[in-house]
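Structural description and commentary
Below are the chains, spelled out letter by letter.
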Amino acid sequence: MKLRLAAAALALSAPAAAAERPPPKLIVAISVDQFSADLFAQYRQHFTGGLRRLEEGVVFPSGYQSHNVTETCPGHSTILTGDRPARTGIIANEWFDQSLARPDKQVYCSEDPSVPGSSSEHYTVSTQFLKVPTLGDRMKAADPRSRSVAIAGKDRAAIMMGGYGPDQRWYWTGRSYTFGGKAAPAAAGAVVNAEVAAALARPMPAMPLPAVCEARSRPVPVGGGGKPVGDGRFARAAGDARGFRISPEFDAATVALATAVRGEMHLGEGPATDILAVGLSATDYVGHTYGTEGAEMCLQMLALDRLLGDFFRALDATGVDYVVMLTADHGGNDIPEREAEHGITGAARADPALSPGAMGKVLAARLHLRGPVLLGNGAVGDFYVDKAVPAPMRQRVLREAVAAYRAHPQVAAVYTHAELAAAPQPAGPPETWSLIQRAKASFDPQRSGDFVVQLKPRVTSLFDTSRGSVATHGSPWDYDRRVPILFWRKGMIPFEQPLSVETVDIMPTLAALIGLRVPAGEIDGHCLDLDAGPASTCR
Ligand SMILES: [Zn+2]
């Protein structure tokens, strides 16, 4: 009897004790570019390394990048800010600003167009378009002893996760990692860059094909001028930096740098909690170059799992109490040619007539106008009426363009700037949002286009595959919106919650774990309770 009472008392006090655990000393926030919920579901049975370990933590398999333009920059801007793109200001990878004096009116999300000579292609990396702070910025404001580091394959990932004031920021610039940040770079970066240069200089033989990938290894012809894909194994010639980037080697280099910088700065060993944001970009390059359902993605998934296993083991060896969060900036979708072979009807590439260039020509002829008439980036997303169109004609162009897009059989919806401005903010579970609510989550009154085009599901916006990219993302459909959100910390009681949550929930969740207050109403996200029992990690 006594024993049973003691057990009951223990059961009552255990959840409270779990919630009162001291904050972790290090937050490791990982984004795997294009790691869709679908890829996670497909491969999780095969994980034995780092992704297997994360499955033994708290698993949200249906996290949403809930907005419309599901691209890298907006996606990364949601992860550590708690805000959707409508608040972060990062509506796409690129948008147009026709008030710029320079000839190139397109702006890149992490450039600073005020730098002389800057263009959207040759730019100076900057946070100037990001409108809100990241978790690292908030941690440093609350306690200046906190250190914040962002290391990523892509500059836009490092910028959007690292925020305004990281101590160190690193990203790949073609053949090495480039430093940006406050603290002067010390030896670690130079050492890793030298190792990367040596690895690049060596040829890479084809990777061995495990049985699980063998079944997926079959060449599939690609429409739109591209080469067949499906049976690649990442062999590359010595010095082939592009091949290096589109392979598991790239993530391995990024993790090597993250490990080295953590060690050099002793992140997690100081008086306050530190944050290390890591952007792993290879999955996205593999997805774009080979699609998501071939041997290439299979090899990448298994390599990522092994790599993260090594990374976590190295972190374990430091004795630091760390928490890992892993998610993705957006999902992805396979090439329509293979989808057609795999039972999907209606998978297609977008009609090239939907590009702003082609549509602009049609409108120019019809309305006797000169110039491009329409500006935009491909067959989807934000479109702008060219400022050179005489003012009295602008409304007419807008009306005719919107009507032409709405009449196209591949188009799901078109919304004008005025319609989006008047639309209510999205609310409720993200899978229930209407298409205009998804577009509203990407709407910035100053930066968004004169109208926004959404294609029908399974229509991939990429029609020209002749330049090496065969598959893409960016749509408001769930294959592009759904990503896993995984949390792991030593001693955490695992659970899985299949209902939807959002990537904007990550920042307040991590903030609560370290007791950092985020004023109510300031952000879009909500704290996710990571305690499996009645106690809560949210406060
Ligand atoms: Zn991408």
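Quick notes on the rules
Residues numbered from 1 in each chain as written. Predicted model: local features only at pLDDT ≥ 70, side-chain atom pairs only at ≥ 80, totals over all residues. Heavy atoms only, no water. Donors = N, O, S within 2.8 Å, 3.2 Å for Na, K, Ca; no water. Helix = DSSP H or I, 4+ residues; strand = E, 2+ residues; numbered from the N terminus. Disulfide = S-S within 2.5 Å. Buried < 20%, exposed > 50% of the residue type's maximum accessible area, 1.4 Å probe, protein only. Axes fitted to C-alpha atoms, helices over the stretch in contact; angles between N-to-C directions. Parallel < 35°, antiparallel > 145°, perpendicular 65-115°, else oblique. Contact = heavy atoms within 4.5 Å. Nonpolar A, V, L, I, M, F, W, Y, C, P; charged D, E, K, R; others polar. pLDDT = per-residue confidence, 0-100. 1 Å grid on protein atoms, 1.4 Å probe; cavity = no way out; pocket = protein on both sides within 12 Å on 5 of 7 lines; lining within 4 Å. Points joined across faces, edges and corners; volume = space filled by probe spheres on them. Expected span 1.5 Å × (residues − 1). Salt bridge = Lys/Arg side-chain N within 4 Å of Asp/Glu carboxyl O. Phe/Tyr/Trp six-rings, centres within 6.5 Å; stacked < 30°, edge-to-face > 60°. Lys NZ or Arg CZ within 6 Å of the ring centre and 35° of its normal. Core = buried A, V, L, I, M, F, W, Y, C linked by side-chain atoms within 4.5 Å. Pairing = 2+ DSSP bridges.

1. Section: the coordination of the zinc ion
Those donors, Asp284 (OD), Asp284 (OD), His288 (NE2) and His473 (NE2), are the protein atoms that reach the zinc ion, and they lie 2.0 to 2.4 Å from it. For the zinc ion, the single-chain donor residues occur in sequence as D-x3-H-x184-H. In this pair, aspartate 284 is assigned in helix α12 (residues 282-290) and histidine 473 in the loop between β15 (459-460) and α19 (478-481), connecting sequence segments 189 residues apart.

2. Let's talk about the state of the cysteines
Joining two cysteines, a disulfide is a covalent bond between their sulfur atoms. Counted according to the given criterion, the structure contains three disulfides. The disulfide that involves cysteine 527 links it to cysteine 538, with 2.0 Å between the sulfurs. Handedness of the cysteine 527-cysteine 538 disulfide follows from its S-S torsion of about -85 degrees: it is left-handed. Of this pair, cysteine 527 sits in the segment after α20 (506-513) while cysteine 538 sits in the segment after α20, placing them 11 residues apart in sequence. The class for cysteine 527 is partly exposed, based on a relative accessible area of 27%. Classification of cysteine 538 as partly exposed rests on a relative accessible area of 23%. Across the protein, the disulfide pattern expressed with sequentially numbered bonded cysteines is 1-2, 3-4, 5-6.

3. Thoughts on the packing of α12 against helix α13 (residues 295-318)
Between α12 and α13, the least distance of the axes is 9 Å, while the angle of their chain directions is 170 degrees. Put simply, α12 runs roughly antiparallel to α13. Contacts from Ala282, Thr283, Val286, Gly287 and Tyr290 of α12 reach α13 at Glu296, Met297, Gln300, Met301 and Leu304. By residue class, the composition of the contact of α12 with α13 is six nonpolar, three polar and one charged.

4. Considering the confidence of the model for the protein
Considering every residue of the protein, the mean pLDDT works out to 95; 96% of them sit at 70 or more. When mean pLDDT is taken per element in the protein, strand β1 (residues 26-32) scores highest with 99 and helix α1 (residues 2-19) scores lowest with 45. Predicted confidence for residues 1-19 stays below pLDDT 50, and this span has eight contacts to residues more than four positions away or in other chains.

5. A word on empty space enclosed by the protein
For the coordinates displayed, the defined rule picks out two cavities of 30 Å³ or more. Val459, Thr460, Ser461, Ser475 and Asp480 are the residues nearest the centre of the largest cavity, which is lined by 14 residues in total. Elements with a contribution of two residues or more to the lining of the largest cavity: β15 and α19. Broken down by class, the residue content of the lining of the largest cavity amounts to five nonpolar, seven polar and two charged. The volume enclosed by the second largest cavity comes to roughly 40 Å³. When its residues are assigned to classes, the lining of the second largest cavity shows five nonpolar, three polar and one charged.

6. Considerations on the layout of surface pockets
Roughly 1700 Å³ of volume is contained in the largest pocket. In terms of lining, the largest pocket is formed by 48 residues, of which the most central are Asn93, Glu94, Arg156, His288 and Ser469. Looking at the lining of the largest pocket, the elements with two or more residues in it are β3 (94-96), β4 (106-108), α7 (155-162), α10 (241-245), α12 and β12 (381-385). Top contributing element to the lining of the largest pocket by residue count: α12, with four residues. When its residues are assigned to classes, the lining of the largest pocket shows 16 nonpolar, 20 polar and 12 charged.

7. Thoughts on the environment of glycine 287
In this structure, glycine 287 sits in helix α12. Here glycine 287 falls in the buried class, since its relative accessible area comes to 0%. For the pair glycine 287 and arginine 481, spaced 194 residues apart in the sequence, the C-alpha separation amounts to 15 Å. Not counting the four nearest positions on each side in its chain, glycine 287 is found in contact with Gln34, Met297 and Ala471.

8. Section: helix α15 (residues 356-367)
Given 3.6 residues per helical turn, the α-helix brings residues three or four places apart onto the same face. With 12 residues, α15 extends 16 Å between its outermost C-alpha atoms, agreeing within 8% with the 16 Å of an ideal straight helix rising 1.5 Å per residue. Where α15 is buried, its residues touch β11 (374-376), β12 and α16 (391-407).

9. Some words on the pattern of salt bridges
One pass over the structure, following the stated rule, counts 31 salt bridges. Residue glutamate 55 pairs with arginine 52 through a salt bridge whose shortest N-O separation is 3.8 Å. In this pair, glutamate 55 and arginine 52 both sit in helix α3 (residues 50-55), three residues apart, roughly one turn of the helix. Note that glutamate 502 is salt-bridged to arginine 84, the shortest N-O span being 2.9 Å. Here glutamate 502 is found in strand β18 (residues 501-502), whereas its partner arginine 84 is found in the loop between α4 (72-79) and α5 (85-88), with 418 residues between them in sequence. The residues glutamate 502 and arginine 84 share a single accessibility class, namely buried. Connected through shared salt-bridge partners, Arg44, Arg52, Glu55, Glu56 and Glu496 make up one network.

10. Structural notes on the packing of aromatic side chains
By the definition in use, this model includes 18 aromatic pairs. Aromatic pair phenylalanine 383 and tyrosine 405: ring centres 5.0 Å apart, planes at 55 degrees, arrangement tilted. Taken as a pair, phenylalanine 383 in strand β12 and tyrosine 405 in helix α16 lie far apart in primary sequence, 22 residues in all. Across this residue pair, the class does not change: phenylalanine 383 and tyrosine 405 are buried. Ring pairs connect the aromatic residues Trp172, Tyr177, Phe244, Phe250 and Tyr285, which therefore count as one cluster. Positioned over the ring face of tyrosine 285 is lysine 154, at 5.0 Å from the centre of the ring. Its guanidinium or amino end placed over the ring of tyrosine 285, arginine 245 lies 4.0 Å from that ring's centre, counting from NZ or CZ.

11. Some remarks on the nonpolar core
In terms of nonpolar packing, the biggest core is built from 60 residues, with Ile30, Phe35 and Phe311 touching the most fellow members. Among the elements that take part in this core, α13 stands out by supplying 11 residues, more than any other. Apart from residues no more than four positions distant in its own chain, phenylalanine 311 is found in contact with Val28, Ile30, Val255, Ala258, Thr259, Leu276 and Val278.

12. Quick word on the pairing of strand β14 (residues 451-455)
Within a regular strand, the side chains alternate between the two sheet faces. By the criterion of burial, β14 is predominantly enclosed, with five of the five residues buried. Side chains of β14 alternate between two faces, with Phe451, Val453 and Leu455 and Val452 and Gln454 buried alike. Of the pairings in the sheet, the one linking strand β13 (residues 411-416) to β14 comprises five bridges and is antiparallel in character. Bridge pairing in β14 links valine 414 to valine 453.

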